[in-house]
Amino acid sequence: MSRSALVLLSCGLIAAAGCDDDEAETPTPDAMAEAEADMAPEPEPDMAPEPEPDMGPGPGEPLSLTILHVNDHHSHVVPDRFGFDVSGLDLTATADEDGAPLGEVEVPYGGYPMLVTLFAQLEAAHDNVLKLHAGDAITGTLFYTLFAGEADAAVMNRICFDAFALGNHEFDDGDTGLATFLDFLADDPCGTPVLAANVSPGPDSPLADGYLAPYVIEDVAGQRVGIIGVDIAGKTMNSSNPDPGTTLLDETETSQRYIDELTGMGVDKIVLLTHYTYANDLELAAALTGVDVIVGGDSHSLLGGDDVALLGSPAGPYPTEVTNADGEPVCVVQAWEYAHLMGELHVDFDAEGVVTACAGSPRVPVDPAGLTYTFVDGEGEESDRPLDGADAEAVIGALTAMPAYVAVAPDAETVATLEGFQGQVDELSMQVIGTVAEDLCLERWPGQQRSALCDPAATYERGGDISNQVAKAFLTVTPTADIAIQNAGGVRVDVAAGEHTIADAYTLLPFSNTLWTLEMTGEEIVAVLEDALSNTLDADGSTGSYPYASGLRFHVDASAAFGDRISNVEINPRVAGEWAAIDPAAMYTVVTNDFIAGGQDGYATFGAIVAEGLYLDTFTEYAQGWVDYVTAFGGTPIEPLPVEEFSTQRYIGRDGCDHSMSADCEGW
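Keep in mind it's a predicted model, so treat the numbers as computed, not measured.

Colleague: Describe the overall build of the protein, listing the residues and the values that go with them.
Modeller: Scanning the protein for helices and strands turns up 17 helices and 30 strands. The C-alpha radius of gyration of the protein comes to 26 Å, within 12% of the 26 Å expected for a compact globule of 668 residues. C-alpha extents for the protein along the principal axes are approximately 100 × 70 × 45 Å. Per-residue burial over the protein gives 55% buried out of 668 residues. Within the protein, contacts between residues at least 6 apart in sequence are counted, and of these 75% link residues at least 24 apart. When the accessible surface of the protein is summed, it comes to about 26000 Å², and 50% of that surface belongs to carbon and sulfur atoms. The protein carries 20 positive and 113 negative side-chain charges, and their two centres are separated by 6 Å.

Given below as structure tokens:
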């Protein structure tokens, strides 16, 4: 939808929307009224004023609003694939030369070329549409590693979002890296407003120069809808890299402040565009007055029913309906991750601006022209074959019979845009550096079930093996170190069995970190482990702070109090000898990434040691460290680590359930 005069009145807030003001300022109610009066046409003398155009429902009338939204695409701009069970469809294509029936077909889904088409179709099909992005647009694939957000901005501008809220990963390369991305985003007539009500840039931050606004007001059919952007504060400060002096304010207090400001202007329809996790959004809704809709991100929550269960385990219904502190309805939504789908939310307001109904569904775009299946020839060789004709129609028909799935053709202009970036990505992606013998599973906390590749039982007892393997890689490429410690959140994906490429390495470890060594006592090492657990358990920080290690192993009791959660700590320097109890007074050299070495992600003891200057920068880029480790195998497949090398040897969850003793502990 086009932006109206009401949106332009908040121009002082939105440099990214094509405004000339150098500094952001919030429009006051008086200024708003005065500006509206100035813009009203004066009737000519002795002439009756022209009749007002029909703008649809006006203030004080009911309104139906459609919100199309995404979040957490993390530089995943191209389609992915999922396996769809076709065993009951009686397809004519067979799995082998003997005529075995097909059991599964690979379906391309998501990605910006299909999302652009889907946004356009649904925008055309509905009145009163807002298009929103709830943050974490960047970091996660080679499209960001190579292009610093340029590719992400290019495809986002094909959709032309009405608002984009910052996420914590927008700060991974500091305020300057974020400003670079936002410059790419602003270099387009679309002019998407960038919202961050609780972000306070430092005086020397480039973001202080008008990049951010707390909110935007949209004119929707003659009525004003306020959209406020909120980023997750603690996680961003502790687990990302905002510049010194840049701070994030309390999410609830900031939200209420700007809700009150907008309602004071007479804006009675309030949308919070948050990057704050699904669980936090539900608590936020209950704590606030005046909020109507929360469109969120950060937790990568898949919402919906049985139809989306093909893709993962839904965390709740879409939409989730709760009540605010006024006792009025609030619609809460999120749209999973990695541009896999978009959310389509329909909200009805009464004449007082109170929500009377919210409905909708996730919408998963699928490409009918890209279906494939695996065929085994008479020699036992596998190949991928296209599925077309009546078989393809049957598969798409079965999928689209479920509300969440929509057959769309990729947008040709977006495909062409990405082709300009894809060549460089492909060139780098083709360089094979080694092989992996078995799937290496991703996990943060044991029992959290984050792996997209492995059965939950594989990571239930001791956590993810890929994070342990990454820690061993850092220890291996740092000959001066005794042990390595790595935060779980710095390791981003499972590693599948088979050939392993440079692209795989940079997808696994996508951040711009280097390896540092720190001189520490055994007592300080134990304190680091306690710090890491506390960041999640006590400070509501990222679950990515969970510690993985090499040459170091321990027991964890997440149900205990701070200081008593880590026990039975043993050390085996460089994994070259025998395991023995750590000596609290002995000095050890620890290698880790510079991010947590600086005290981020809750690793306060690391930060204190660095502040004393007791560290060295090895200048080894951490993804390159993994590349060197894999290459050193010389083609010998990388095997999962033996159980005795896993850093978590025993885990008791927050509920006191011992994962080593019971197979049915719930959660972590």
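Picking up where we left off.
Colleague: Mind laying out the pairing of strand β26 (residues 566-571), listing which residues take part and the relevant values?
Modeller: The pairing of strand β25 (residues 552-557) with β26 spans four bridges and is antiparallel. In the strand pairing of β26, Arg 553 is matched with Glu 570. Sheet topology places β26 next to strand β27 (residues 580-581); two bridges connect them, and they run antiparallel. By the bridge assignment, Ile 571 is partnered in β27 with Ala 580.

Colleague: So what's going on with the pattern of salt bridges? Which residues, and what values?
Modeller: Taken as a whole and judged by the stated rule, the model has 11 salt bridges. Lys 131 is paired through a salt bridge with Glu 123; the nearest N and O atoms lie 3.2 Å apart. Owing to a relative accessible area of 6%, Lys 131 belongs among the buried residues under this scheme. Put simply, Arg 158 and Glu 413 hold a salt bridge, and the shortest N to O gap is 3.3 Å. Of the two residues, Arg 158 is situated in helix α5 (residues 150-159) and Glu 413 in helix α11 (residues 412-429); the sequence distance between them amounts to 255 residues.

Colleague: Give a description of the environment of Cys 665 that names residues and reports values.
Modeller: Within the fold, Cys 665 resides in the segment after β30 (648-652). Judged by relative accessible area, which is 10%, Cys 665 ranks as buried. With 151 residues separating them in the primary sequence, Cys 665 and Thr 514 have C-alpha atoms 37 Å apart. When neighbours within four sequence positions are excluded, Cys 665 is seen to be in contact with Tyr 460, Cys 657, Asp 658 and His 659.

Colleague: Can you lay out the sheet that holds strand β29 (residues 615-621) for me, pointing to particular residues and giving the numbers?
Modeller: Reading across the sheet, the five strands line up as β24-β21-β28-β23-β29 and stay open at both edges, with mixed pairing between neighbours. Two strands close off the open sheet at either side, each with one partner strand: β24 (547-550) and β29. Ignoring which end each strand starts from, the neighbouring axes of this sheet average 30° apart. As paired elements, strand β23 (residues 514-521) and strand β28 (residues 587-593) share seven bridges and run antiparallel to each other. Looking across to β28, one finds that Leu 518 is bridged to Val 590. Each of β21 (483-487), β23, β24 and β28 touches helix α12 (residues 465-476); the most contacted strand, β24, lies at about 45° to it.

Colleague: Explain the packing of α12 against helix α17 (residues 622-632) to me, using residue names and the numbers behind them.
Modeller: It is the contact of α12 with α17, at a shortest axis distance of 9 Å, that shows an interaxial angle of 90°. Classified by the interaxial angle, the pair formed by α12 and α17 is roughly perpendicular. Every residue of α17 that contacts α12 at Ile 466, Gln 469, Val 470, Lys 472, Ala 473, Phe 474 and Thr 476 is listed here: Tyr 622, Trp 626 and Tyr 629. Residues that form the contact of α12 with α17 fall into these classes: seven nonpolar, two polar and one charged.

Colleague: Which residues make up helix α16 (residues 604-611), and what are the values?
Modeller: Among the residues of α16, those classed as buried are Thr 605, Phe 606, Gly 607, Ile 609 and Val 610. Looking at the buried residues of α16, the elements they touch are β21, β23, α14 (522-537), β28, α15 (594-597) and β29. Remark: Gly 613 follows α16 within two positions and exhibits a positive phi of approximately 80°.

Colleague: I'd love a proper account of the state of the cysteines, names of residues and values included.
Modeller: Counted according to the given criterion, the structure contains three disulfides. Here Cys 657 pairs with Cys 665 through a disulfide, and the sulfurs are 2.0 Å apart. In this structure, the disulfide formed by Cys 657 and Cys 665 twists by about -75° around the S-S bond and is classed as left-handed.

Colleague: Any chance you could break down unusual backbone geometry for me, citing the residues and the numbers?
Modeller: Geometrically, the link from Tyr 318 to Pro 319 is a cis peptide bond, its omega value of -10° lying close to zero. Examined against the element boundaries, Pro 319 turns out to sit in the loop between β12 (293-296) and β13 (320-323). If you check the backbone angles, Ser 75 has positive phi at about 65° while not being a glycine. Relative to the elements of secondary structure, Ser 75 occurs in the loop between β1 (63-70) and β2 (80-85). You can call Ser 75 buried: its relative accessible area is 1%. Of note, the phi angle at Asp 540 is positive, near 55°, even though the residue is not glycine. Here Asp 540 is to be found in the loop between α14 and β24.

Colleague: Can you tell me about the nonpolar core, naming the residues and giving the values?
Modeller: Residues Leu 182 and Trp 626 are the most contacted members of the largest nonpolar core, which totals 75 residues. Top element by residues in this core is helix α3 (residues 112-125). It accounts for seven residues. Filtering out sequence-adjacent residues up to four positions away, Leu 182 remains in contact with Phe 164, Val 194, Leu 207, Tyr 211 and Leu 212. Judged by nonpolar contacts, the second largest core, of 50 residues, contains Leu 65, Leu 262, Tyr 278 and Leu 303.

Colleague: Quick rundown of the sheet that holds β25? Include the residues and the values.
Modeller: Read across the sheet, four strands follow the order β27-β26-β25-β30 without closing on themselves; strand pairing throughout is mixed. Looking at strand neighbours, the two that pair on one side only are β27 and β30, the edges of this open sheet. For β25 and β30, the ladder comprises four bridges, and the chain directions are parallel. When the bridges of β30 are listed, Phe 554 appears paired with Thr 648.

Colleague: Tell me about the packing of aromatic side chains, and name the residues and values.
Modeller: Throughout the structure, instances matching the rule amount to 16 aromatic pairs. Measuring from ring centre to ring centre gives 5.5 Å for Tyr 546 and Tyr 548, while their planes differ by 65°; the resulting arrangement is edge-to-face. Centre to centre, the rings of Tyr 546 and Tyr 651 are 6.4 Å apart; their planes meet at 75°, and the pair counts as edge-to-face. Residue Tyr 546 is located in the loop between α14 and β24, and its partner Tyr 651 is located in strand β30; the two are separated by 105 residues in the primary sequence. The two residues Tyr 546 and Tyr 651 agree in class, both being buried. Linked through ring pairs, Trp 445, Tyr 546, Tyr 548, Tyr 651 and Trp 668 together constitute an aromatic cluster. Directly above the ring of Phe 375 sits Arg 385, whose terminal nitrogen or CZ lies 3.7 Å from the centroid. Cation over ring: Arg 654 sits above Trp 668, and NZ or CZ is 3.5 Å from the ring centre.

Colleague: Summarise the side chain of Ser 451; cite the residues concerned and give the values.
Modeller: Summarising the element assignment, Ser 451 is placed in the loop between β20 (432-436) and α12. For Ser 451, a relative accessible area of 17% translates into the label buried. Within the structure, Ser 451 has its side chain in polar contact with the backbone nitrogen of Leu 453 (distance 3.1 Å). Of the polar contacts made by the side chain of Ser 451, one reaches the backbone nitrogen of Cys 454; its length is 2.8 Å.

Colleague: Requested: an account of α5, with residues and values cited.
Modeller: Among the 10 residues of α5, seven are classified as buried, and the element is accordingly described as predominantly covered. Those residues of α5 lying buried are Ala 151, Asp 152, Ala 153, Val 155, Met 156, Asn 157 and Ile 159. In the core, the buried residues of α5 are packed alongside α3, β4 (129-133), α4 (142-147), β5 (163-165), α6 (174-186) and α11.

Calculation rules
- Residues numbered from 1 in each chain as written.
- Predicted model: local features only at pLDDT ≥ 70, side-chain atom pairs only at ≥ 80, totals over all residues.
- Heavy atoms only, no water.
- Helix = DSSP H or I, 4+ residues; strand = E, 2+ residues; numbered from the N terminus.
- Rg over C-alpha atoms; globule rule 2.2 N^0.38 Å.
- Buried < 20%, exposed > 50% of the residue type's maximum accessible area, 1.4 Å probe, protein only.
- Contact = heavy atoms within 4.5 Å.
- Areas by Shrake-Rupley, 256 points an atom, 1.4 Å probe, with all protein chains shown as cover.
- Lys, Arg positive; Asp, Glu negative; His and termini not counted.
- Charge placed at Lys NZ, Arg CZ, Asp CG, Glu CD.
- Pairing = 2+ DSSP bridges.
- Salt bridge = Lys/Arg side-chain N within 4 Å of Asp/Glu carboxyl O.
- Axes fitted to C-alpha atoms, helices over the stretch in contact; angles between N-to-C directions.
- Parallel < 35°, antiparallel > 145°, perpendicular 65-115°, else oblique.
- Nonpolar A, V, L, I, M, F, W, Y, C, P; charged D, E, K, R; others polar.
- Disulfide = S-S within 2.5 Å.
- Core = buried A, V, L, I, M, F, W, Y, C linked by side-chain atoms within 4.5 Å.
- Phe/Tyr/Trp six-rings, centres within 6.5 Å; stacked < 30°, edge-to-face > 60°.
- Lys NZ or Arg CZ within 6 Å of the ring centre and 35° of its normal.
- Polar contact = N/O pair within 3.5 Å; in protein donor to acceptor, adjacent residues only side chain to side chain.

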